[in-house]
Each structure stands twice: as C-alpha cells, then as structure tokens.
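Secondary and tertiary structure notes
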Amino acid sequence: MPTLDFILGHMNYWLFTVLMMTGLYIVVAKGNLIKKIVGLNLFQSAVFMFYISLGKVTGGTAPIFPLDMEIDPETIYTNPLPHVLILTAIVVGIATTSLGLALIVRIREEYNTIEEDEILAIETELVTQENRTLGEAMGGRA
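Note that the structure is a prediction, hence the values are computed from the model and not measured.

So, how was this worked out
Residues numbered from 1 in each chain as written. Predicted model: local features only at pLDDT ≥ 70, side-chain atom pairs only at ≥ 80, totals over all residues. Heavy atoms only, no water. Phe/Tyr/Trp six-rings, centres within 6.5 Å; stacked < 30°, edge-to-face > 60°. 1 Å grid on protein atoms, 1.4 Å probe; cavity = no way out; pocket = protein on both sides within 12 Å on 5 of 7 lines; lining within 4 Å. Points joined across faces, edges and corners; volume = space filled by probe spheres on them. Helix = DSSP H or I, 4+ residues; strand = E, 2+ residues; numbered from the N terminus. Nonpolar A, V, L, I, M, F, W, Y, C, P; charged D, E, K, R; others polar. Patch = residues over 30% accessible without salt bridge, like charges linked within 9 Å, V, L, I, M, F, W, Y side chains within 5 Å. Areas by Shrake-Rupley, 256 points an atom, 1.4 Å probe, with all protein chains shown as cover. Salt bridge = Lys/Arg side-chain N within 4 Å of Asp/Glu carboxyl O. Buried < 20%, exposed > 50% of the residue type's maximum accessible area, 1.4 Å probe, protein only.

Glancing now at the packing of aromatic side chains. Enumeration according to the criterion identifies 3 aromatic pairs in this entry. Put simply, the rings of Tyr13, Phe16, Phe50 and Tyr51 touch in pairs and so form one group of aromatic residues.

Here it is, written out as structure tokens:
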C-alpha cells in the first residue's frame, strides 16, 4: 500500500505541519497574552523540528575526522550546519520568550489584565478621555 508508506515515510513533515498550525491557531485565535507566547513557542518548535529533520542523512555519521586522517571516501557524513543554526535559534527563542513574558508582567501591572480585548477597551477609553480633555483645552469639540 503506497499511501501508508508515504504517510509513514513523511511523518516528520506531518508532525511539523500539525505543530506549526496549532501554534499559529493559538496566536491568532486566543486573546490571552500568555497563550499567545505559548503559541509562538509551539510555532518555533515546529520550525526547529523541521530544520533538524532536514539535516538528517540516512546512514550518515557525525562529521568527525579520524586522528590519523585516513578518510574513507565511501563514508557518508551528516551536515552539522542545521543543528548548529538551531542551537542559535533556540537561544534567540528563549530570549524572545523571556522578553515577551517580561512585557506581559508590565502590561498586567499597568492594566490589571492580560486579556487582549480588555486591554483594547481600556486603551480606547483612555484615548476618548484624553480627546475630550485636550479637545476642550484647545477650544474645540471632542
């Protein structure tokens, strides 16, 4: 059955797609800022998984040359570059997550909520009050 072989042979792509779409859905559909950070982390993890799976070579070995430098030309080596890039991306992802969480803490202190729609309502009310105050001060109608 070629269909089952195709599905199982490309399992990493299916998992990558499901994980990425789940993260994207959480970022777009949820109003809670913590949930949005979790969605971004799922999205990042999906990208990490994709790049690492692309770097895998079937039958490949680690690219470490022997001390005597007698290299067998038949040896297949795995490319280490995707793995190194993902290590850097993980560090950047941790920094981004920590910055996002720190901003959420400050938003919570200022607005007493972390729900996006409540913050928008508070901001709209503040802008309306400011327009009334400044509009009257400038001699216009607000």
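Moving on to empty space enclosed by the protein. Under the definition given, this model contains 1 cavity of 30 Å³ or more. Of the pockets and cavities examined, the largest cavity occupies roughly 30 Å³. Put simply, the parts of the chain that give the lining of the largest cavity at least two residues each are α3 (33-55) and α4 (81-111). A per-element tally of the lining of the largest cavity places α3 first, with 4 residues. For the lining of the largest cavity, a count of residues per class yields 2 nonpolar, 5 polar and no charged.

For the rest of this paragraph, the subject is a nonpolar patch on the surface. A cluster of nonpolar residues, Leu4, Phe6, Ile7, Leu8, Met11, Trp14 and Leu15, forms a patch on the protein surface that exposes about 650 Å² of accessible area. Where the nonpolar patch is concerned, the elements lending two or more residues are α1 (2-9) and α2 (11-29). Top contributing element to the nonpolar patch by residue count: α1, with 4 residues. Since its relative accessible area comes to 46%, Leu15 is described here as partly exposed.

As a further point, take the pattern of salt bridges. Counted according to the given criterion, the structure contains 2 salt bridges. Lys36 is the partner of Glu116 in a salt bridge, and the nearest nitrogen-oxygen pair spans 3.6 Å. Separated by 80 residues along the polypeptide, Glu116 in helix α5 (residues 116-137) and Lys36 in helix α3 bring together distant segments of the chain. What makes Glu116 partly exposed here is its relative accessible area of 42%. Here Lys36 falls in the buried class, since its relative accessible area comes to 16%. For the salt bridge of Glu109 with Arg106, the shortest nitrogen-to-oxygen distance reads 2.6 Å. Highlighted residues: Glu109 and Arg106, both in helix α4, separated by 3 residues, approximately one helical turn. You'll find Glu109 and Arg106 in the same group, each marked exposed.

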